[in-house]
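Observations on chain architecture
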2 protein chains.
Amino acid sequence: MKFEKEDSAGYLINHMARLFAKELQQRISPLGIVVGQFPILLELWLKDGVSQKDLLSKIDVEQATLANTLSRMERDGLIKRTKNPADARAQLIWLTEKAAALRNDAYQSAQNVNLQALTVLNSTEQTQFLELMRRVISGMRK
Amino acid sequence: MKFEKEDSAGYLINHMARLFAKELQQRISPLGIVVGQFPILLELWLKDGVSQKDLLSKIDVEQATLANTLSRMERDGLIKRTKNPADARAQLIWLTEKAAALRNDAYQSAQNVNLQALTVLNSTEQTQFLELMRRVISGMRK
DNA sequence: TAATATTGCATAGCTAGCTATGCAAGTGTA
DNA sequence: TACACTTGCATAGCTAGCTATGCAATATTA
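Every value quoted in this text rests on a predicted model; they were computed, and no experiment measured them.

Quick look at the protein's contact with DNA strand D
Among the 28 residues in the neighbourhood of DNA strand D, the closest are listed as Gly 36 and Arg 75 of chain A together with Gln 52, Lys 53 and Arg 89 of chain B. The sugar-phosphate share of atoms of DNA strand D within 4 Å of the protein amounts to 73%. Take Val 35 of chain A: an N or O atom from its main chain is 3.5 Å from a phosphate oxygen of DNA strand D. A distance of 2.7 Å is found between a phosphate oxygen of DNA strand D and a side-chain nitrogen or oxygen belonging to Arg 75 of chain A. When residues of the surface near DNA strand D are traced back to their parent elements, those giving at least two are helix H4 (63-75) of chain A together with helix H1 (9-28), helix H3 (52-58) and helix H4 (63-75) of chain B.

Quick word on the protein's contact with DNA strand C
Not every one of the 29 residues close to DNA strand C is listed here, only the nearest: Gln 52, Lys 53 and Arg 89 of chain A together with Gly 36 and Ala 88 of chain B. In the interface set of DNA strand C, defined as its atoms within 4 Å of the protein, sugar plus phosphate atoms amount to 71%. Within the residue set of the surface near DNA strand C, elements represented by two or more residues are helix H1 (9-28), helix H3 (52-58) and H4 of chain A together with H4 of chain B. Here the surface near DNA strand C gets 5 residues from one element, more than from any other, and that element is H4 of chain B.

Comments concerning the interface of chain A and chain B
Across the contact, 52 residues belong to chain A and 52 residues belong to chain B. Between chain A and chain B, roughly 5200 Å² of surface is buried when both sides are summed, and carbon and sulfur atoms account for 70% of that area. A per-residue breakdown of the area chain A buries against chain B is headed by Met 1, Phe 3 and Met 140 of chain A, which together make up 14% of the total. The tally of links between chain A and chain B comes to 8 salt bridges. Of the charged contacts in the structure, one is a salt bridge between Glu 43 of chain B and Lys 5 of chain A, with a shortest N-O distance of 3.2 Å.

Some thoughts on the relation of the copies chain A and chain B
When chain A is fitted to chain B, the residual RMSD is 0.0 Å, and the transformation amounts to a turn of 180 degrees plus an axial shift of 0.0 Å. Between the two chains, the operation in question is that of a two-fold axis. Of the interface residues in chain A, 100% have counterparts in chain B that sit at the interface too, so the contact is made through matching surfaces.

Some thoughts on the domain arrangement of chain A
All names here are of chain A. For chain A, the assigned domains read domain 1 (1-32 + 102-142) and domain 2 (33-99). A separation of 24 Å is found between the C-alpha centroids of domain 1 and domain 2. Opposite the 13 residues of domain 1 that make contact, domain 2 presents 11 residues. When domain 1 packs against domain 2, close to 1100 Å² is buried across both sides, 65% of that on carbon and sulfur atoms. One can count 1 salt bridge joining domain 1 with domain 2. Across the domain 1-domain 2 interface, the total number found is 3 residue pairs in polar contact (both at pLDDT 80 or more). Residue assignment for the side of domain 1 that touches domain 2 shows that the elements contributing at least two residues are H1 and helix H6 (103-118). Looking at the side of domain 1 that touches domain 2, its residues break down into 8 nonpolar, 3 polar and 2 charged.

Definitions and cut-offs
- Numbering of residues starts from 1 in every chain and runs along the sequence as written.
- Numbering of ligands from 1 and lettering of chains from A proceed in the order in which they are written.
- Residue-level local features of this predicted model are given only where pLDDT is at least 70; pairs of side-chain atoms are given and counted only at 80 or more, and the full residue set underlies all totals for whole chains, interfaces and linings.
- Side-chain descriptors were evaluated using all non-hydrogen atoms of the structure, hydrogens and water having been removed beforehand.
- Working definition: residue near molecule or strand if any one of its non-hydrogen atoms lies within 4 Å of it.
- In protein, a polar contact means a hydrogen-donor-capable atom and an acceptor-capable atom, both N or O and within 3.5 Å, with residues adjacent in sequence counting only if both atoms are side-chain atoms; elsewhere, any N or O pair within 3.5 Å suffices.
- Counting from the N terminus, the helices are the DSSP runs of H or I reaching at least four residues and the strands are the DSSP runs of E reaching at least two.
- Any two residues whose heavy atoms approach within 4.5 Å are treated as being in contact.
- A simple way to read buried area is as the amount of 1.4 Å-probe accessible surface that goes missing from two parts once joined, with both sides added.
- The term salt bridge refers to a side-chain nitrogen of Lys or Arg lying within 4 Å of a carboxyl oxygen of Asp or Glu.
- To line up the copies, we fit them by least squares on C-alpha atoms, keeping just the residues with pLDDT of at least 70 in both.
- Boundary definitions for the domains trace back to an automatic or database domain assignment.
- Under the convention adopted here, Pro, Cys and the residues Ala, Val, Leu, Ile, Met, Phe, Trp and Tyr are nonpolar, Asp, Glu, Lys and Arg are charged, and Gly plus all remaining residues are polar.

Now the structure itself:
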């Protein structure tokens, strides 16, 4: 029996994911943010003043991962937390002004990574690629 | 300006990579190995008794990542290291019998993950998907 | 209403990955 | 041959991710 890495979806995906993350990290590090914070920021830029639970429902990571990333974001002055009047266990999560101001630059960085990475594909292929990924993901999400 | 995660290649790739890793981890954990060891084992199953440098040239991670994973593999009884007569800085890396014996089961596990994950695509789409990924990767590898 | 179950979040402890740095062993050169 | 340079690997220190567990606050139920 043999196994060819270059024909293994899992291997290729893992490798590609690390290349993307590295590329994005380089582009956003001047903004003072890191890749793991990106999905969280995306949600908070849409709407802040939410509970961790609300955030969790929109982000594809485990609760513990989110909690840890949030605490680093608080440490780094990207978010603040206030009491939730409705529930003493939960807090409300707010962007700081500093973090709010990063939005456009961050969007641009991410778009640029995507654009550049996909330039090797033509427009039809790009659309196809995204669609294939969405299907694989939804098939795996159980 | 807006940003849609579901249309972002980077976001989808990251998410998909974590789903794959989780799936593979579940399948190989009965074998006593973990996902980060997989690429290294793949190479050693082909040929062991090699230096870390040789391994590194075949594996798409940084040298420090490899060194750390190797030391956990040694701790876990998957590899042994012997002196390299040709160079006192380097050592030769060998699979233990235990690790050598895992090969077929491990191959099978990985194939099963790939097969199951890609069942949502037809045969043409599967081929296409792999090809698109290979092109994106080679475009990003600088 | 008291006891029990659930929820919301934090923490512990681990692997996987990265960059940066250190250092001994080997190589090349004045 | 002595000295500088390079190489092979290890280590430090960090983020990102996971599972498992703990715990106080809330909700449910007998």
